[in-house]
Amino acid sequence: GDYYDCFMLDDRHLCLVIGDVSGKGVPASLFMAISKTLTGSLTRRQRDLGQAIRDLEIELSRENPECLFVTAFVAVLDVVSGHLEYICAGHDAPIILRRDKILRIDTSGVGGPPLCAIGDYPFATGHVALEPDDLLCLFTDGITEADSQHELFGIERLKNGLVATAGLPVEHTATHLRDAVRQFESGH
């Protein structure tokens, strides 16, 4: 049920999406595919990010017999200025690695419930300025709730993994984090 997407809206604006559908199996997989497709379509069509997400919630709620919901973080990055406009619908706040310091995007003032959780929620947008060379880390609970049978991987291990790769290419960071989670789980 986890999904992500990344696509250009125009020459200057990059849309970033990460989500996690409740439930398991075929219904959750289908709802994930619909969520991903509608998010891409509606953010391309509607320049007001808040309205696009409200439209998304309406469409997802229209046919939802399983009563599934979706946590999501949807953002539009101005690749020239570094301005990031975002909406957080019940999802974990992303992490910014700035040089060797960890920051969290503050979603407390604008965060809302997961999509389809209460319906017709007036999602508000937040804003943050990214600096050159910032690393923006969007993640799902697939990372933080990875289980060793004794404890969860957690946010601190994720932060430490990011700091350990500060300054390295993003591909190395992604591989390092994936390997750290797999080693932590030890096949469980």
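Look a little higher up for the structure.
Residues numbered from 1 in each chain as written. Predicted model: local features only at pLDDT ≥ 70, side-chain atom pairs only at ≥ 80, totals over all residues. Heavy atoms only, no water.

One pass over the full model with this rule turns up nine salt bridges. Of the charged contacts, one joins R62 and E59 as a salt bridge, the two residues approaching to 2.6 Å between their closest N and O atoms. Of this pair, R62 and E59 both sit in helix α2 (residues 49-62), three residues apart, roughly one helical turn. Overall, E59 belongs to the partly exposed group, its relative accessible area being 32%. The salt bridge involving E156 is made with K159; its shortest N-O contact spans 3.5 Å. Here the residue E156 and the residue K159 both occupy positions in helix α4 (residues 154-164), the gap between them amounting to three residues, near one helical turn. Overall, K159 belongs to the buried group, its relative accessible area being 19%. Here the salt bridges share partners, and the residues they tie into one network are R98, R99, E131 and D134. (Salt bridge = Lys/Arg side-chain N within 4 Å of Asp/Glu carboxyl O. Helix = DSSP H or I, 4+ residues; strand = E, 2+ residues; numbered from the N terminus. Buried < 20%, exposed > 50% of the residue type's maximum accessible area, 1.4 Å probe, protein only.)

One key point about sheets: their strands pair by backbone hydrogen bonds, in either a parallel or an antiparallel sense. Strands sit in the order β6-β5-β8 across an open sheet of three strands; the sheet is antiparallel. The sheet is open, and its two edges are formed by β6 (101-104) and β8 (135-137), each paired on a single side. Taken over all neighbouring pairs, the strand axes of this sheet differ in orientation by 25 degrees on average, direction set aside. Here four bridges tie strand β5 (residues 95-98) to β6, and the two strands are oriented antiparallel to one another. Paired with R98 across the strands is K101, a residue of β6. Those strands touched by α4 are β5, β6 and β8, and its axis lies near 30 degrees from that of β5. (Pairing = 2+ DSSP bridges. Axes fitted to C-alpha atoms, helices over the stretch in contact; angles between N-to-C directions. Contact = heavy atoms within 4.5 Å.)

At their nearest, the axes of α4 and helix α5 (residues 170-185) sit 9 Å apart, and the two run at 140 degrees to each other. In terms of orientation, α4 and α5 fall into the oblique class. Handedness of the crossing formed by α4 with α5: right-handed. Residues R157, L158, G161, L162 and A164 of α4 form the contact with α5, whose participating residues are T173, H176, L177 and F184. Taken together, the residues that form the contact of α4 with α5 break down as five nonpolar, three polar and one charged. (Parallel < 35°, antiparallel > 145°, perpendicular 65-115°, else oblique. Left-handed = near helix turned anticlockwise from the far one by under 90°. Nonpolar A, V, L, I, M, F, W, Y, C, P; charged D, E, K, R; others polar.)

What describes a pair of aromatic rings is the distance from one ring centre to the other and the angle between the planes of the rings. In this structure the tally under the stated criterion is three aromatic pairs. Judged by centre distance (4.9 Å) and plane angle (65 degrees), the ring pair of Y121 and F123 falls under edge-to-face. Centre to centre, the rings of F153 and F184 are 5.4 Å apart; their planes meet at 80 degrees, and the pair counts as edge-to-face. Remark: F184 occurs in helix α5 and F153 occurs in the loop between α3 (141-144) and α4; sequence separation between them is 31 residues. The pair F153 / F184 is uniform in exposure class, with both members buried. (Phe/Tyr/Trp six-rings, centres within 6.5 Å; stacked < 30°, edge-to-face > 60°.)

This paragraph deals with the nonpolar core. Generally speaking, soluble globular proteins have nonpolar side chains that are buried together. Core analysis: the biggest nonpolar cluster contains 23 residues, and F31, I53, L60, V70, V74 and L115 have the highest contact counts within it. When near neighbours in sequence (up to four residues on either side) are disregarded, V70 contacts Y3, D20, V21, F31, S35, L60, A89, P114 and L115. If you look at the next biggest cluster of nonpolar residues, it comprises 13 residues, including L16, I18, A75 and L130. (Core = buried A, V, L, I, M, F, W, Y, C linked by side-chain atoms within 4.5 Å.)

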